[in-house]
Amino acid sequence: MSTTAPALGTFSVRPLDPMADAELLHGWVTHPKAAFWMMQDAKLHDVEREYMAIAAAEHHDAFIGLHDGEPAFLMERYDPKYVELVGLYEPEPGDVGMHFLVAPTENPVHGFTRAVITAVMRELFADPATRRVVVEPDVSNKAVHALNEAVGFVPEREIDKPEKRALLSFCTREQFEAAVGGEVR
């Protein structure tokens with residue numbers, strides 16, 4: 001599926017190839033702007049290992065996001081019943097967990113990250129089984145909280161994960177459609 005954002009271009013995703021994409025990802029996840037990704041000190045083999053584990057996982061998938069056909073972001077989709085949030089909340093049928101990371105750039109474009117999260121959400125809601133998207137960003141990541149709110153997420157509560165204090169937030173299909181205007185196809 002692809003999404004076109006006025007004046008920003010076309011966004012799509014493809015499955016991540018852990019070996020072929022590791023060098024690209026390594027540059028993204030170790031960049032200072034990716035501090036909340038918690039891989040600042042990762043070596044190339046650490047990135048390969050992490051994404052090979054995700055590729056082998058039954059309830060976790062990773063994708064390279066493309067902007068006009070060029071790699072521009074990382075998207076992860078997971079089942080919170082089995083990954084990331086086990087025991088931290090009561091999952092509902094149709095819940096899908098999500099992470100995203102925009103590639104660092106020397107020339108930021110106004111509205112780009114919001115277009116990325118919108119494209120990610122459209123991709124997730126393109127599956128009719130997805131009823132609600134769940135996120136758990138670091139409580140101190142104010143920039144992502146604002147982006148989440150812009151696409152319809154509503155914070156529920158803070159939770160303690162092994163690696164961080166997180167803000168558990170949810171976005172239903174209806175909340176997303178109301179926030180971005182229009183139906184998800």
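For the structure itself, look to the data block above.
Before going into details, it helps to say that this report is about the structure given with it.

Non-glycine residue Met38 carries a positive phi angle of around 60°. A positive phi angle, close to 70°, is found at Glu84, a residue other than glycine. Structurally, the position occupied by Glu84 is in the loop between β4 (70-78) and β5 (95-102).

We now examine the side chain of Arg132. Within the fold, Arg132 resides in strand β6 (residues 132-135). Classification of Arg132 by relative accessible area gives buried; the value is 11%. Once residues within four sequence positions are removed from consideration, Arg132 is found in contact with Tyr89, Glu90, Glu92, Gly94, Asp95, Val96, Phe125, Phe170, Cys171 and Thr172.

Next up on the list: the packing of aromatic side chains. A ring pair, where both rings are aromatic, is described by two values, the distance of the centres and the angle of the planes. Per the stated rule, a full pass over the model turns up four aromatic pairs. Their ring planes at 50° and their centres at 5.4 Å tell us that Phe11 and Phe112 sit as a pair that is tilted. Note that Phe11 is positioned in strand β2 (residues 9-15) and Phe112 in helix α3 (residues 112-125), a separation of 101 residues in sequence. With a relative accessible area of 13%, Phe112 lands in the buried category. Aromatic rings pair up to connect Phe11, Phe73 and Phe112 into one cluster. Across the ring face of Phe170, the terminal group of Arg132 is positioned such that the distance to the ring centre comes to 3.9 Å.

Cut-off values and rules
- Residues numbered from 1 in each chain as written.
- Predicted model: local features only at pLDDT ≥ 70, side-chain atom pairs only at ≥ 80, totals over all residues.
- Heavy atoms only, no water.
- Helix = DSSP H or I, 4+ residues; strand = E, 2+ residues; numbered from the N terminus.
- Buried < 20%, exposed > 50% of the residue type's maximum accessible area, 1.4 Å probe, protein only.
- Contact = heavy atoms within 4.5 Å.
- Phe/Tyr/Trp six-rings, centres within 6.5 Å; stacked < 30°, edge-to-face > 60°.
- Lys NZ or Arg CZ within 6 Å of the ring centre and 35° of its normal.

Note that all results are geometric; they support no functional claim without further evidence.
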